[in-house]
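Below are the chains, spelled out letter by letter.
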Amino acid sequence: MIQAQNLGRSFLLEGNPPSLLPVLKNVSFEIPEGQCVALLGPSGSGKSTLLALLAGLDSATEGSVSLNGTKLDTLSSDDLTEFRAKNLGFVFQAYHLIPTLTALENVMLPLELQDVPRAECRKRAEAWLKRVGLDTRMDHLPRQLSGGEQQRVAVARALVAEPRIVFADEPTGNLDSVNAAKVTELLLSLRGRCALVLVTHDATLAGQADRVLRLRDGEVESDTLHTPAGARP
């Protein structure tokens, strides 16, 4: 489902002369369909950069990423945008909700971009908002919602199109323990239904993943499979 091959990412630093700062170096792994993977590592280890490369939000300096057999570097900008819309879901720490749209309209948006009929968009968005416990908050704007509620809207938006791959960057980082537990439960309910890749510092969330990839200084330090807490044997 996800294949990273000899990935490297460097950034140009201004100076006289300019220099390159390597953030990721020779990273390779595969993630099969349905597996939940946690990306761990200290700040600056390259976790968010790796997630951006896997999700097609950034381009590698070296190596390649393939998602479901499609090499991202072979796609034009427009084709990549369409591929992400049809196949990927994203959950960010900062929510990234559109402030002028209601919770319902935010969740409908990914389906509307795929030209799903509006009545079907509304039906599916309402079902997901009910699932995340926001059936009484559908008509509220983001500024009228708490942080935990906004993140649950963001989760519903990421999942409404039933993507085959979901990427989440610190999805519980801005939440209190109660809301973090709710978001964790929602994300882990996807286990086995799609590939799920999480950047997290949350030990509880990482402990329930099927696999932990630990990064240090831009390289894979360890790659561990385990039976997550609460998972079926």
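Asker: Which residues make up the sheet that holds strand β2 (residues 19-31), and what values go with them?
Answerer: One open sheet holds the 4 strands; their spatial order is β2-β1-β4-β5, and the pairing between them is antiparallel. Both outer strands of the open sheet, β2 and β5 (70-71), are each paired with one neighbouring strand and no more. Across 2 bridges, the pairing between strand β4 (residues 62-67) and β5 is antiparallel. If you follow Leu 67 over to β5, its bridge partner there is Thr 70. Contacts from helix α1 (residues 47-54) reach β1 (2-13), β2 and β4, with the element oriented near 120 degrees to β1.

Asker: Which residues make up the nonpolar core, and what values do they have?
Answerer: Residues Leu 129 and Val 153 are the most contacted members of the largest nonpolar core, which totals 43 residues. Of all the elements in the fold, those that place two or more residues in this core are β3 (36-40), α3 (103-112), α4 (118-131), α5 (147-159), β7 (165-169), α6 (177-188), β8 (195-199) and α7 (203-207). Other than its neighbours up to four places away in sequence, Val 153 contacts Leu 97, Ala 103, Asn 106, Val 107, Leu 129, Leu 134 and Leu 145. Of all hydrophobic cores here, the second largest spans 29 residues; its members include Leu 72, Leu 80, Leu 88 and Val 197.

Asker: Lay out α1 in plain terms, naming residues and giving numbers.
Answerer: Here α1 lies mainly inside the structure; 7 of its 8 residues are buried. Of the residues making up α1, those classed as buried are Lys 47, Thr 49, Leu 50, Leu 51, Ala 52, Leu 53 and Leu 54. Directly beyond the C-terminal end of α1, a positive phi value near 75 degrees is found at Gly 56.

Asker: Describe the packing of α3 against α5, listing the residues and the values that go with them.
Answerer: Interaxial distance between α3 and α5 falls to 7 Å at its minimum, and their mutual angle equals 25 degrees. Taken together, the axes of α3 and α5 lie roughly parallel to each other. As α3 runs across α5, the sense of the crossing is right-handed. Two secondary-structure elements touch here, α3 through Ala 103, Asn 106, Val 107 and Pro 110 and α5 through Val 153, Ala 156 and Arg 157.

Asker: Hey, could you go over the packing of aromatic side chains for me, with residue numbers and the actual values?
Answerer: Inspection of every chain in the model, using the stated rule, returns 2 aromatic pairs. Ring geometry for Phe 90 against Phe 92: centres 6.1 Å apart, planes inclined by 5 degrees, an arrangement best described as stacked. The exposure class assigned to Phe 92 is partly exposed, which follows from its relative accessible area of 25%. Grouping aromatic residues by their ring pairs yields a cluster made of Phe 90, Phe 92 and Phe 167. When the ring centre of Phe 11 is taken as origin, the NZ or CZ atom of Arg 9, which lies over that ring, is 4.1 Å away.

Asker: Lay out the sheet that holds strand β6 (residues 88-92) with the relevant residues and their values.
Answerer: Spatially, 6 strands are ordered β6-β7-β8-β3-β9-β10 in an open sheet, and the strand pairing comes out mixed. Here the strands that pair on one side only, and so sit at the sheet edges, are β6 and β10 (219-225). Pairs of neighbouring strands in the sheet enclose a mean axial angle of 15 degrees, with direction left out of account. Both β7 and β8 contribute to a ladder of 5 bridges, which runs parallel. For Val 166, the partnering residue across the bridge sits in β8 and is Leu 196. Helix α2 (residues 77-87) contacts β6 and β7 of the sheet and is inclined by roughly 80 degrees relative to β6. In this fold α5 packs onto β6 and β7, with an angle of close to 170 degrees to the strand it touches most, β6.

Asker: Would you mind going over a nonpolar patch on the surface in detail, with residue names and values included?
Answerer: On the surface, a cluster of nonpolar side chains totalling about 230 Å² of accessible area is made up of Phe 11, Leu 13 and Leu 21. Here Leu 21 lies in strand β2.

Asker: Requested: an account of the side chain of Thr 172, with residues and values cited.
Answerer: By the element assignment, Thr 172 lies in the loop between β7 and α6. Ignoring any residue separated from it by four or fewer positions in sequence, one finds Thr 172 in contact with Ala 180, Val 183, Thr 184 and Asp 202.

How each quantity is defined
All chains use their own residue numbering, which begins from 1 and follows the written sequence. Per-residue local features of the predicted model are confined to residues with pLDDT of at least 70, and side-chain atom pairs are confined, for both listing and counting, to 80 or more; whole-chain, interface and lining totals are unaffected and use all residues. Side-chain numbers come from the whole structure's heavy atoms, not from hydrogens or water. Pairing between strands requires that DSSP locate at least two bridges from one strand to the other. Helix and strand assignments come from DSSP, with helices taken as H or I runs of at least 4 residues and strands as E runs of at least 2, each series counted from the N terminus. The criterion used for residue contact is that any of the two residues' heavy atoms lie within 4.5 Å. In this analysis an axis means a line fitted to C-alpha atoms, helices contributing only their contacting stretch, and an angle means the value between N-to-C directions, from 0 to 180 degrees. The nonpolar core is taken to be a set of buried Ala, Val, Leu, Ile, Met, Phe, Trp, Tyr and Cys residues, with the residues joined through side-chain atoms within 4.5 Å. Throughout this description, buried means an accessible area under 20% of the type-specific maximum (1.4 Å probe, protein chains only), exposed means over 50%, and partly exposed covers the range between. Oblique is the label for every angle not falling under 35 degrees (roughly parallel), over 145 degrees (roughly antiparallel), or within 65 to 115 degrees (roughly perpendicular). Left-handed describes a crossing in which the near helix is turned anticlockwise from the far one by less than a right angle; the clockwise case is right-handed. Aromatic contacts are taken between Phe, Tyr and Trp rings whose centres are within 6.5 Å, Trp giving its six-membered ring; a plane angle under 30 degrees counts as stacked, one over 60 as edge-to-face, and the others as tilted. Counting as a charge over the ring demands two things of the Lys NZ or Arg CZ atom: a distance within 6 Å of the ring centre and an angle within 35 degrees of the ring normal. Patches in this entry comprise residues that are over 30% relatively accessible and not in a salt bridge; like charges within 9 Å are linked, as are nonpolar side chains (Val, Leu, Ile, Met, Phe, Trp, Tyr) within 5 Å. Residue burial considers only the protein chains on display, and all accessible areas are found by Shrake-Rupley using a 1.4 Å probe. We count a salt bridge whenever a side-chain nitrogen from Lys or Arg sits within 4 Å of a carboxyl oxygen from Asp or Glu.

Any functional reading would require information that these geometric values do not contain.
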